[in-house]
Amino acid sequence: MTTGMDKQSGAPPGDKALLPSGLRDQLAPFAEFEAETVSKLMAAFARFGYDRVTPPLMEFEETLLSGTGKQNSPKMFRVMDPDTQRVLGLRSDMTVQIARMAATRMQDIARPLRLSYAGNVVRVRGSQVRPTRQFIQAGVEIIGCDSLAAELEVICLAVEALVDAGVVDLTLDLTVAPLAGMVADSLGLDAAQREIAKKALDAKDVGALDVFGGTAKEILTAILLATGIAGAAMEKLEMLSLSGAAGQLVARLGMMVDALSTCLPKVKVTIDPGESHGFEYKSGIGFAVFAPGVRGELGRGGRYMARGNDGGEEPAAGFSIYLDSIIRALPIPSMPMKIFLPFDVSHQMSEKLRKKGYRTVQALTEVVDCRHEAQRLHCSHWFNSDKVEPV
Amino acid sequence: MKPTEKLILALPKGRILDEVLPLVNKAGIEPEADFFDPKSRKLQFATNIGGLDIIRVRAFDVATFVAFGAAHLGVVGNDVLMEYNYSDIYSPVDLQVGKCRLSLAVPKEIAGEQDPSSWSHVRVATKYPNLTRKYYAERGVQAEVIKLNGAMELAPSLGLCRRIVDLVSTGSTLKANGLKEVEILTEISSKLIVNRPAFKTQPEEISGWIDRFKHAVPSQ
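Okay, so let's go over this structure. Residue indices begin from 1 for each chain and proceed along its sequence in written order. Lettering of chains starts at A and numbering of ligands starts at 1, both following the order in which they are written. Local features are withheld for residues below a pLDDT of 70 in this predicted model, meaning they are given only at 70 or higher, and side-chain atom pairs are given and counted only at 80 or more; totals for whole chains, interfaces and linings count all residues. Derived side-chain values reflect all non-hydrogen atoms in the structure, with water molecules and hydrogen atoms excluded from consideration.

A word on the overall build of chain B
Short version of the rule: Under the DSSP-based scheme used, a helix requires at least four consecutive residues in state H or I and a strand at least two consecutive residues in state E, with every element numbered from the N terminus. Relative accessible area decides the class of each residue, using a 1.4 Å probe on protein chains only: under 20% of the type maximum gives buried, over 50% gives exposed, and in between gives partly exposed. Contacts are residue-level and defined by heavy atoms, with any inter-residue pair within 4.5 Å sufficient. Note on areas: Shrake-Rupley with a 1.4 Å probe; residue coverage comes only from the protein chains shown.
Looking only at helices and strands, chain B has 8 helices and 11 strands in total. When burial is assessed residue by residue, chain B has 53% of its 220 residues classed as buried. Nonlocal contacts in chain B, meaning residues at least 24 apart in sequence, comprise 65% of its contacts between residues at least 6 apart. Taken as a whole, chain B presents about 10500 Å² of accessible surface, with 51% of it coming from carbon and sulfur.

Thoughts on the interface of chain A and chain B
Applicable threshold: The quantity reported as buried area is the accessible area (1.4 Å probe) lost by two parts once they are put together, taken as the sum for both. Salt bridges are defined as contacts in which a side-chain nitrogen from Lys or Arg sits within 4 Å of a carboxyl oxygen from Asp or Glu. Two N or O atoms count as a polar contact when they lie within 3.5 Å, although within protein this holds only if one can serve as hydrogen donor and the other as acceptor, and sequence-adjacent residues are included solely when both atoms are side-chain atoms. Residues are grouped as follows: nonpolar covers Ala, Val, Leu, Ile, Met, Phe, Trp, Tyr, Cys and Pro; charged covers Asp, Glu, Lys and Arg; every other residue, Gly included, is treated as polar.
Counting residues at the interface gives 28 residues for chain A, matched by 21 residues for chain B. Taking both partners together, chain A and chain B bury about 2100 Å²; carbon and sulfur atoms supply 55% of that area. Where chain A packs against chain B, one counts 6 salt bridges. Asp272 of chain A is the partner of Lys200 of chain B in a salt bridge, and the nearest nitrogen-oxygen pair spans 2.5 Å. For the pair chain A and chain B, the number of links is 9 residue pairs in polar contact (both at pLDDT 80 or more). Mapped by element, the contributors of at least two residues to the side of chain A that touches chain B are β7 (171–176), α7 (191–203), β8 (228–229) and β9 (268–271) of chain A. Across the side of chain A that touches chain B, the residue classes break down as 10 nonpolar, 8 polar and 10 charged.

Overview of the sheet that holds strand β1 (residues 7–12) of chain B
Strand pairing within a sheet occurs via backbone hydrogen bonds; the two strands may be parallel or antiparallel. Residues and elements named next belong to chain B. As a reminder of what qualifies: Each pair of strands is called paired provided DSSP finds at least two bridges between the two strands. Orientation is described by lines fitted to C-alpha atoms, with helices fitted over the stretch in contact, and by angles between N-to-C directions that extend from 0 to 180 degrees.
Ordered by their spatial adjacency, 6 strands build an open sheet running β2-β3-β1-β4-β11-β5, and the pairing between neighbours is mixed. The sheet is open, and its two edges are formed by β2 (44–46) and β5 (89–94), each paired on a single side. Across the sheet, the axes of successive neighbouring strands diverge by a mean angle of 30°, strand direction being ignored. By the bridge criterion, 3 bridges tie β2 to strand β3 (residues 52–57) in an arrangement that is antiparallel. Paired with Phe45 across the bridge in β3 is Ile54.

Brief notes about the packing of helix α6 (residues 178–187) of chain A against helix α10 (residues 244–263) of chain A
All names here are of chain A. Put simply, the rule reads: Small angles under 35 degrees read as roughly parallel and large ones over 145 as roughly antiparallel, with 65 to 115 read as roughly perpendicular and the rest as oblique. What makes a crossing left-handed is the near helix being turned counterclockwise from the far one by less than a right angle; a clockwise turn instead makes it right-handed.
Interhelical geometry of α6 versus α10 gives an angle of 150° and a closest axis separation of 8 Å. It follows that α6 is roughly antiparallel to α10 by the angle criterion. Of the two elements, α6 crosses α10, and the hand of that crossing is left-handed. Two secondary-structure elements touch here, α6 through Pro178, Leu179, Met182 and Val183 and α10 through Ala245, Ala246, Leu249 and Val250.

Here's the deal with the nonpolar core
Definition in use: Nonpolar cores were defined as sets of buried Ala, Val, Leu, Ile, Met, Phe, Trp, Tyr and Cys residues, with membership established by side-chain atoms within 4.5 Å.
Phe45, Leu174 and Phe319 of chain A are the most contacted members of the largest nonpolar core, which totals 78 residues. Per element, the largest residue contribution to this core is 12 residues, and it comes from helix α5 (residues 148–165) of chain A. Discounting chain neighbours no more than four positions away, the residues touching Phe45 of chain A are Tyr50, Ser116, Ala138, Gly139, Val140, Leu157, Ala161, Phe319 and Ile321 of chain A. With 33 residues, the next largest nonpolar core counts Ala71, Leu81, Cys100 and Tyr128 of chain B among its residues.

Looking at the sheet that holds strand β3 (residues 78–80) of chain A
All names here are of chain A. Taken in spatial order, the 3 strands of this open sheet run β2-β4-β3, and their pairing is antiparallel. Each having just a single partner strand, β2 (58–60) and β3 make up the two edges of the open sheet. Ignoring which end each strand starts from, the neighbouring axes of this sheet average 35° apart. The pairing of β2 with strand β4 (residues 87–90) spans 3 bridges and is classified as antiparallel. Residue Met58 lies in a different strand from β4, and its bridge partner there is Leu90.

Quick notes on the pattern of salt bridges
Here the structure, examined in full by the defined rule, presents 33 salt bridges over all chains. Of the charged contacts in the structure, one is a salt bridge between Arg196 of chain B and Glu297 of chain A, with a shortest N-O distance of 3.1 Å. Within this pair, whereas Arg196 of chain B is found in helix α7 (residues 196–201), its partner Glu297 of chain A is found in the loop between β10 (282–290) and β11 (299–307), the two belonging to separate chains. For the residue pair Arg196 of chain B and Glu297 of chain A, the accessibility class agrees, reading buried in each case.

Printed below as a string of structure tokens:
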């Protein structure tokens, strides 16, 4: 039999310990910290009146790929259902499932429908910068309301939840993904020109817009340069006096910037009207949350059209965060305080300590040096003749 | 990743550095003396700007440092950007230096027989496997790529494979090795690149540097 002591100098674990790339074991204190962070986020969502729902881990492939799920096809793991012989997909994004639930089982429930969710998602491959293939996604959706107030609520909720979870110095970046397309329509650009414009806007490459002449160059350049701190950038964008759908979208963005300066005066807000990359399915204002020193964004969301059961669409807004990103923005958790209880401590006493909120580690055999044993078992304290003492 | 107080500018080692440095100076950045000392073992250099350091790394690594946010700004050719296709990089300024092209070259004896538009398959040696595969895939040609890290020109003469995809500036290296350029995959110049999250979280500072570099580039 192997005893605890022997394991300290065990052989290297070898390839039994090897996991597929992008997958990992979470040990203490991280596993608990992640779960706690999820609870904090979910509690914040609940405070805003969002009801938690939990869809299954896998569903029929075509359901997961409908509507905004289309883009997930190359990311999705698939298995064959031996029962129905149909292909099942493992979810790579929970928002599609929430939209499905809203459109089917919950179609008769009064709108606006406020739902929250948290769960693991898996992907066939990670990105170069973020190779993780399994992570927890948490978020909210508000379905059946197209007013600006809905987007504002989602943004305020996102910020409140992240601040609650302990993220500091948040930056909020607002986008209007459909704007470039609307402007391209009004300028009458062809498919090839649109592609050039999109690439230039995505790369923030002003020089690449030189191929356009006159008004097109002027407007696209102005949109590209109207990025940064919301106040100044918004002025630049409004100076363009865009008309039609583009004008309305800019006006809506302006109202959002004003509303945010009242609701969240401490949060730094930037706008990036030329950005569409990653916001392809947003039908209006989109947003991403950043924190200094964290690679990539903490979460993103915005307005989109949720596919209805009858093929129709319902206006919706939502927000989702990946837990592995948030964890990187938070201080490294410390090990919790644990008290080592020698073998002879009574059950009543240990119960009393637990009720006080202590975590107890009961000795299972007599040991001579309890303090040393407490250290060996990574306890922060030990119970020494009726007193809790640090080790 | 730890948050760094300082901004880091990643510059590529080698040939391009000499062309880029005047622009860096014009943008108001003077590296410390060690930067110019070939004997110095330093990898990170202070500048006249308190909040800005320079690192000097291989061109391919500039993109990686910036994509991961380890460097906030960088200078790199669009050959490297296209090869990696990182999504979290902006390339706001074409610095108009390091100009060359990425081309397909073959031994000059067979150059006349080449009609790339009729190919279904091509076997090439290159430093740019992803870019090459993607370029030919878009044209319906399957590219079988042999990855080399340098001295591509040797591959055809020693029978490794007949075709190479490599950077060409004057064409004299190709000529000296009996090769002829038959197709241009893309034109190349160096870009100022920016890490996307850095741009979002420090918009004033980063935009300030973008503007300085923009003005440092001589107008056409």
